[in-house]
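One letter stands for each residue in the lines below.
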Amino acid sequence: MDTIDTLIESYRDDMVAALQELVRIPSVRGEPQPGAPFGPGPAACLHKALEMAEDFGLKTTNVDNYAGHAELGQGEQTMGVLVHLDVVPVGENWTMPPFEAIVKDGRIWGRGACDNKAACVETFFALKALLAVGTQWKKKVRIIFGCDEESRWEDMKYYKSRVKMPDFGYVPDGSFPLTNAEKGILHFELRIPASGDDNRITALHGGERPNVVLARLTMEMEGLLDPWPEQKYISLHSDGLRTVLVSEGTAAHASSPEQGRNAGTRLCAFLRQKGWQGNLVSAVCGLFSDLDGRGVGIQCADEVSGSLTVNLGALHKEGDGFTAIVDIRYPVTTDYGWLYETLEKKAAEYGGTIRIMDHKPPLYLSADHPVVSTLLRVYEQVTGLRGEAESTGGGTYARAMDNAVAYGPGFRDPQVDHHAHNADEFVGIDEMVRACKVYAHTILALQDVSTPASGADTVH
């Protein structure tokens, strides 16, 4: 154990240099091009990662630039480590250059430094250390490089249609100790017709994505809205012929909608207080004001993963009706058939229909699953900290592989925010080295793990 840790400490500078190479490639999803299904950035980053893997002595495969993998070892079973190389758009308010990978204050700064390119580098050097100590491989080890995790997971759909997935493994795209329960994620579109006062609305626009709390909604309507009491979060502008209302809320991730303030439900609640009669106000207030799904008739919870949540992510006027885009995170024991049927019936009450945009079934591996118990044991041995399995309303690539959970690379610290998906993203160098040690010992320990038949202990 000490030998492996000493080797990894000696790799510190090389790890920094490797991560800088990957961060300097702006792998944001772009327009498809020949040979680059997600745009040139993700394809270039995939090529660089595969090139690095070959330098480490791994055998590589590029699956048509949708994804790729690198392998070593031998044996009947394959252990997988699934990372992603794509990153979210840069956004605003950066004080550090997002794609220069500057080293400052013991950190590497840049988009993707934390989410998820550091995990790729940590896995490379964990394998380098294991090779250096002469590990006798009992299983194959495969690193899979995804290129569309931040968008639509089209990379994994394509990859899985052409390559057999590993038998078990982990996804280094969360926090230690590990996450063994991920709620189901359902994104759907609700279409309802206009009625009553709704016919005065000429335009309605707010939000684009279901997985973000709707933070700003603009509504244009014919005539005046009078009288007008002063509102802190809703502004009004009128020229006598038409009125524009702007509702301000607070964005948050849909997995924790209670941390935000929804501009859509805020505006509709105000209109209802003003005596507004219409399908839009009735549906939004009736269905989405309760974040636990009570209004939709789907309130539920379980001990493993907690309560269902509902988030209104977008509202738009389309033709003579309205479209709402909604995110639901449901407990791992919830029956999807019941959920869908209830949504259809509730939509029909408003004369509406639903269209499923995306559905990711829940994931759950029990605490005594051999992968879970092994990862927790190694985490405790390496860090000296107690390891317990946790649940999340978020979603990781662990859903793409049987017998897998999210496992690191972050270490929980309430005083450290890595700014993943926000300005000035970074990863700490000490943290990266520490995670690399955990992964090296984990890969070694997993060589002795036997897993159930594929999918036997995984909720789908």
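Description of the structure in this document. (Residues numbered from 1 in each chain as written. Predicted model: local features only at pLDDT ≥ 70, side-chain atom pairs only at ≥ 80, totals over all residues. Heavy atoms only, no water.)

The element helix 6 (residues 263–273) is largely enclosed, with a buried count of 8 among its 11 residues. Burial in helix 6 covers these residues: Ala263, Gly264, Thr265, Arg266, Leu267, Cys268, Phe270 and Leu271. Packing partners of the buried residues in helix 6 comprise strand 12 (216–222), strand 13 (234–238), strand 14 (242–248), helix 7 (279–288) and strand 17 (309–318). One or two positions beyond helix 6, positive phi appears at Gly275, with a value near 90 degrees. (Buried < 20%, exposed > 50% of the residue type's maximum accessible area, 1.4 Å probe, protein only. Helix = DSSP H or I, 4+ residues; strand = E, 2+ residues; numbered from the N terminus. Contact = heavy atoms within 4.5 Å.)

Right, let's get into unusual backbone geometry. In the segment running from Asp115 into Asn116, the intervening peptide bond is cis, with an omega of 20 degrees. In this structure, Asn116 sits in helix 4 (residues 113–132). Cis geometry is adopted by the peptide bond preceding Pro409, which originates at Gly408 and carries an omega value of 10 degrees. Considering the arrangement of structural elements, one finds Pro409 in strand 23 (residues 409–411). Non-glycine residue Asp105 carries a positive phi angle of around 60 degrees. Within the fold, Asp105 resides in the loop between strand 4 (102–104) and strand 5 (107–109). By relative accessible area, Asp105 is classed as exposed at 62%.

Within the largest apolar cluster, 87 residues are counted, with the highest numbers of intra-cluster contacts made by Leu127, Phe145, Tyr170, Tyr407 and Ile443. Ranked by the residues each element gives to this core, the list is headed by helix 4, at 12 residues. Residues in contact with Leu127, not counting those within four places in the same chain, are Leu58, Leu72, Trp137, Val141, Ile143 and Ile443. Counting 43 residues, the second largest nonpolar core, distinct from the first, contains Phe188, Ala263, Cys268 and Ile354. (Core = buried A, V, L, I, M, F, W, Y, C linked by side-chain atoms within 4.5 Å.)

Enumeration according to the criterion identifies 0 disulfides in this entry. Between Cys147, a cysteine without a disulfide, and Cys45, which holds the nearest cysteine sulfur, the sulfur-to-sulfur distance is 7.5 Å. Of the cysteine sulfurs around Cys436, a residue in no disulfide, the closest is that of Cys120, at 12 Å. The exposure class assigned to Cys436 is buried, which follows from its relative accessible area of 0%. (Disulfide = S-S within 2.5 Å.)

By the definition in use, this model includes 25 salt bridges. Note that Glu182 is salt-bridged to Arg399, the shortest N-O span being 2.9 Å. One end of the pair, Glu182, is in strand 9 (residues 178–182); the other, Arg399, is in the loop between strand 21 (389–392) and strand 22 (404–406), and 217 residues separate them in sequence. Looking at Arg399, the relative accessible area reads 11%, which means it is buried. One salt bridge in this structure joins Lys346 and Glu349, with 3.4 Å as the shortest N-O distance. In this pair, Lys346 and Glu349 are both assigned in helix 8 (residues 336–349), 3 residues apart and thus about one turn of the helix distant. The exposed category is assigned to Glu349, whose relative accessible area is 56%. Overlapping salt bridges, with partners in common, bring together Glu9, Arg12, Asp430 and Lys437 in one network. (Salt bridge = Lys/Arg side-chain N within 4 Å of Asp/Glu carboxyl O.)

Tracing the backbone shows Lys360 in strand 19 (residues 353–360). There is a polar contact of 2.5 Å between the side chain of Lys360 and the side chain of Asp358. (Polar contact = N/O pair within 3.5 Å; in protein donor to acceptor, adjacent residues only side chain to side chain.)

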